[in-house]
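Tertiary structure, described
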There are 2 protein chains.
Amino acid sequence: MQAGEQTMVLSERKKKILAAVVDEYVRTAEPVGSKAIAAKAGLGCSPATIRNELAELVSLGYLEQPHTSAGRVPTPMGYRMYVNELMEKQRLSLEETEDINRRMNQKLRELDDTISDVSRLASQLTDYPALALTTRTTVTIKRFDIIYVDANTFIIVVMLSDNTVKNKLVKLPVSVDQKLVQRLSSLFNSGFTGITEDAVTPLLINSTERAADDTMGVTSVIAAFAIEVLTEAGAPSACVSGENRLLNQPEFRDPDKAHRLMGYLSGGGYILPPNANMDEAGEIKVLIGPENVAEELKDSSVVIATYDAGDNTRGMIGVVGPTRMDYSAVAAKLSILAAGLSRRLGGGEAPPEGMHNKLIIKGDTGNE
Amino acid sequence: MQAGEQTMVLSERKKKILAAVVDEYVRTAEPVGSKAIAAKAGLGCSPATIRNELAELVSLGYLEQPHTSAGRVPTPMGYRMYVNELMEKQRLSLEETEDINRRMNQKLRELDDTISDVSRLASQLTDYPALALTTRTTVTIKRFDIIYVDANTFIIVVMLSDNTVKNKLVKLPVSVDQKLVQRLSSLFNSGFTGITEDAVTPLLINSTERAADDTMGVTSVIAAFAIEVLTEAGAPSACVSGENRLLNQPEFRDPDKAHRLMGYLSGGGYILPPNANMDEAGEIKVLIGPENVAEELKDSSVVIATYDAGDNTRGMIGVVGPTRMDYSAVAAKLSILAAGLSRRLGGGEAPPEGMHNKLIIKGDTGNE
DNA sequence: ATTAGCACTCGAAAGGAAAGAGTGCCAACA
DNA sequence: TGTTGGCACTCTTTCCTTTCGAGTGCTAAT
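Given the structure is predicted, the values throughout are model-derived calculations rather than measurements.

**What about the interface of chain A and chain B?**
- With 30 residues of chain A at the interface, the matching set in chain B holds 30 residues.
- Contact between chain A and chain B buries roughly 2600 Å² in total, counting both sides, with carbon and sulfur atoms accounting for 58%.
- Between D256 of chain A and R253 of chain B there is a salt bridge; the shortest N-O distance is 3.3 Å.
- Here chain A and chain B share ten residue pairs in polar contact (both at pLDDT 80 or more) between them.
- For the side of chain A that touches chain B, the secondary-structure elements that each account for two or more residues are β4 (141-150), β5 (153-160), β6 (165-171) and α10 (255-266) of chain A.
- Counting residues per element, the side of chain A that touches chain B draws most heavily on α10 of chain A, at seven residues.
- For the side of chain A that touches chain B, a count of residues per class yields twelve nonpolar, seven polar and eleven charged.

Now the structure itself:
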């Protein structure tokens, strides 16, 4: 963090070595030594040479040693370099891709509880805890119907601008006239469609009440539902799955540490969309260790894919794990998931199924 | 398990001692010694006397020692005795009760996603993982409406016998006549109401199709939705929350052990309703260690409260933890939750709010 | 029937020695 | 100048031994 921050261009060999360290450390979770690298990475030179290089990589800030005389471990900066430049963008095999798409198809029959299903799927695929979230920006009502059931029961049905439909059964303590219900239905259908939540003012409600000649206060019940629906649909929804997979990772063998992070995650993961704003769909964002804003994530990494859920809705699926994470595989898988989601939910401008690895990976600038 | 199974009546003092051991062990999670009991339980006798009694309780099968020269720990049989006879049924203070009810009220505005909210609440209250599940038996359609939106779009709205309402937006590739939709709407409303899922036969669908003069295959789309709704509503739904709280318990400090159980739980907890059949609402059932059928639960305990969700629907909320569990407090809290749910969801025959501790606790017979 | 006393057991904690992995550096070499 | 083998050194991990203490079981006294 302090020394050697000036971004010098690494020699080819240094890059290869750094990549080898990351790969190996990701695989084994143990500090990797010069000998192992010499054996693995096919550059024809001896452990001693590699030791020299390693020492330099340490002083440049890409690697560190848990203690003198242990192998090297990537620093966040090292991972960042790996993710930005070194990592070979993994192309999943056709089978894998198809498998993911198949499983997605199975899940996504109804696009409503999609989020939770998708996050579960992401977690299964990656074996890390996963989270899914959606932010909608402006939602309006497209259509408003009221179904008269009996004298004190009716059903409100609202179709929103994102083509979801919400309904509510209302039971009143008093009897209402079927005519009144019909009047209200058409009044709401004309007065409350196409407007945002803010536009539902007491004024509007009052005038509707008067226009409908409603003396029983039914109007306000219906209006309350309209507001509720708009609020709820406009609010971001989040969902976390597979927290327990954290326990697979050796870095979370300490129950306290695991518990802290899991608690944070099941807390809703609200705070997760880390550097705010959702980016363009299709991009993948990687946040490594201290790059995360949330204190609880400072020594974990997050990989996030953004997808386009159509009609002003942006969604993200992400995965949380130790900094020692298989970024490449995770990114590839999330990318397919996100593409699939965009294709299904989005406006249809999404790329076709084949096109699964435009893998634009992007992260922080790297400076604190 | 092998010796001393004959249920002899324990002397008063043995009971007191056993209760003291359980209480203390629940509190500290460490084997409890004769000295501690002498100090705590106010029976005026010395550690030596207690040691004699303890030895007998061990040979009777109520207690065991992790090793010679450690304190005593309750066996499942010991816990069973404690739960059945010794435990003082805990009355929560008025404040606590009110707090629970208040929090329940906050959550339960909509009775739909109730289950997940309630399980979360149960977990928060008890600090153990919680699960909620519902079994519905027979659901029928009470009312069937189709809202015509435009030539290839309509909304199906179905009201079920349990007064929930489901809807689905249907987009057709072909244009349909508004008249046809109306015809279908009334045909379904007369033909598909009051019947169970089984009764939706191809025969019925065909005759409806013919009656509606439907040549576009719209009928089958609608019928498919009807089946889907009936299936889904009739299926039990389960929900687990707060798995991570398991990590609070010292017995789950071993990550592998914790992981096993958490995995089992997030697997859906299907298999949880252990000795099958839901009992009468209001009862609390305690399953201790080996009394559980699921292998994964053999050394954990489960406390389950059943509530009446009205109209053929039985629900359960339960809590999972180590056998060393604060049965009394958990039972009391679950009891209030279940009562609250019955009151809100059930037919209304539930006891009023004040009545929160009829705490009938019941478990297995205790023999394997 | 209860109790004080005491030897004994067994796990948990503390200390220490040995093993092993990996480094840093130096001197030799191409 | 860059690369390599060699070697001493460091630090962790592991295993063993010792110590400590809580708690028991038994016996003899009350």
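Now, onward.
**Some thoughts on the domain arrangement of chain A**
- Under the domain assignment, chain A is made up of domain 1 (3-91), domain 2 (107-129 + 242-362) and domain 3 (141-234).
- Once you take the C-alpha centre of each, domain 1 of chain A and domain 3 of chain A turn out to be 63 Å apart.

**With respect to the pattern of salt bridges**
- Here the structure, examined in full by the defined rule, presents 30 salt bridges over all chains.
- Where K40 of chain A meets D23 of chain A, a salt bridge forms, and the shortest distance between an N and an O atom there is 3.9 Å. Here D23 of chain A lies in helix α1 (residues 12-28) and K40 of chain A lies in helix α2 (residues 34-40), a separation of 17 residues in the sequence.
- For D23 of chain A, a relative accessible area of 29% translates into the label partly exposed.
- In this structure, the salt-bridge partner of E53 of chain B is R13 of chain B, at a minimum N-O distance of 2.8 Å. Here E53 of chain B, found in helix α3 (residues 47-60), pairs with R13 of chain B, found in helix α1 (residues 12-28); they are 40 residues apart in sequence, far enough to count as distant.
- On the accessibility criterion, E53 of chain B (6% relative accessible area) is buried.
- Accessibility expressed as a relative area gives 36% for R13 of chain B, which makes it partly exposed.

**A look at the protein's contact with DNA strand C**
- Neighbouring DNA strand C are 20 residues; S34 of chain A together with R13, S46, T49 and S69 of chain B lie closest to it.
- Near-protein atoms of DNA strand C (within 4 Å) split between backbone and bases, with sugar and phosphate holding 73%.
- Here R13 of chain B contributes a side-chain N or O atom positioned 2.9 Å from a phosphate oxygen of DNA strand C.
- One of the side-chain nitrogen or oxygen atoms of R51 of chain B is found 3.2 Å away from a base oxygen of DNA strand C.
- Ranked by residue count, the leading element in the surface near DNA strand C is α3 of chain B, at four residues.
- Its residues assigned to classes, the surface near DNA strand C shows four nonpolar, twelve polar and four charged.

**Quick word on the pairing of β4 of chain A**
- Taken across its ten residues, β4 of chain A has seven buried, putting it largely inside the fold.
- Between β4 of chain A and β5 of chain A, which follow one another and run antiparallel, lie two residues.

**Let's talk about helix α7 (residues 178-191) of chain A**
Residues and elements named next belong to chain A.
- For α7, spanning 14 residues, the distance from its first C-alpha to its last is 20 Å, which sits close to the expected 20 Å at 1.5 Å a residue.
- Those residues of α7 that fall on the buried side of the exposure criterion are L180, V181, L184, S185 and F188. Seen end-on, α7 carries its buried residues on one side only, within an arc spanning 140°. Among the exposed residues of α7, those oriented more than 90 degrees off its buried face are K179 and S190.
- Along its buried surface, α7 packs onto β4, β5, α8 (202-212) and α9 (218-234).

**With respect to the sheet that holds β4 of chain A**
Residue and element names in this part refer to chain A.
- Read across the open sheet, the three strands follow the order β4-β5-β6; overall the sheet is antiparallel. In the strand order of this sheet, the two ends are held by β4 and β6, each with one partner. Direction aside, the axes of adjacent strands within the sheet are offset by 15° on average.
- As paired strands, β4 and β5 are joined by eight bridges and run antiparallel to one another. Across the sheet, I141 pairs through a bridge with L160, a residue of β5.
- Sheet strands touched by α7: β4 and β5. Its angle to β4, the strand with the most contacts, is close to 175°.
- Across the sheet, α9 touches β4, β5 and β6, and the angle it forms with β5 is around 35°.

So, how was this worked out
- Residues numbered from 1 in each chain as written.
- Chains lettered and ligands numbered in written order.
- Predicted model: local features only at pLDDT ≥ 70, side-chain atom pairs only at ≥ 80, totals over all residues.
- Heavy atoms only, no water.
- Contact = heavy atoms within 4.5 Å.
- Buried area = accessible area lost by both parts, 1.4 Å probe.
- Salt bridge = Lys/Arg side-chain N within 4 Å of Asp/Glu carboxyl O.
- Polar contact = N/O pair within 3.5 Å; in protein donor to acceptor, adjacent residues only side chain to side chain.
- Helix = DSSP H or I, 4+ residues; strand = E, 2+ residues; numbered from the N terminus.
- Nonpolar A, V, L, I, M, F, W, Y, C, P; charged D, E, K, R; others polar.
- Domains from an automatic or database assignment.
- Buried < 20%, exposed > 50% of the residue type's maximum accessible area, 1.4 Å probe, protein only.
- Near = heavy atom within 4 Å.
- Pairing = 2+ DSSP bridges.
- Expected span 1.5 Å × (residues − 1).
- Arc of directions from axis to C-beta.
- Axes fitted to C-alpha atoms, helices over the stretch in contact; angles between N-to-C directions.

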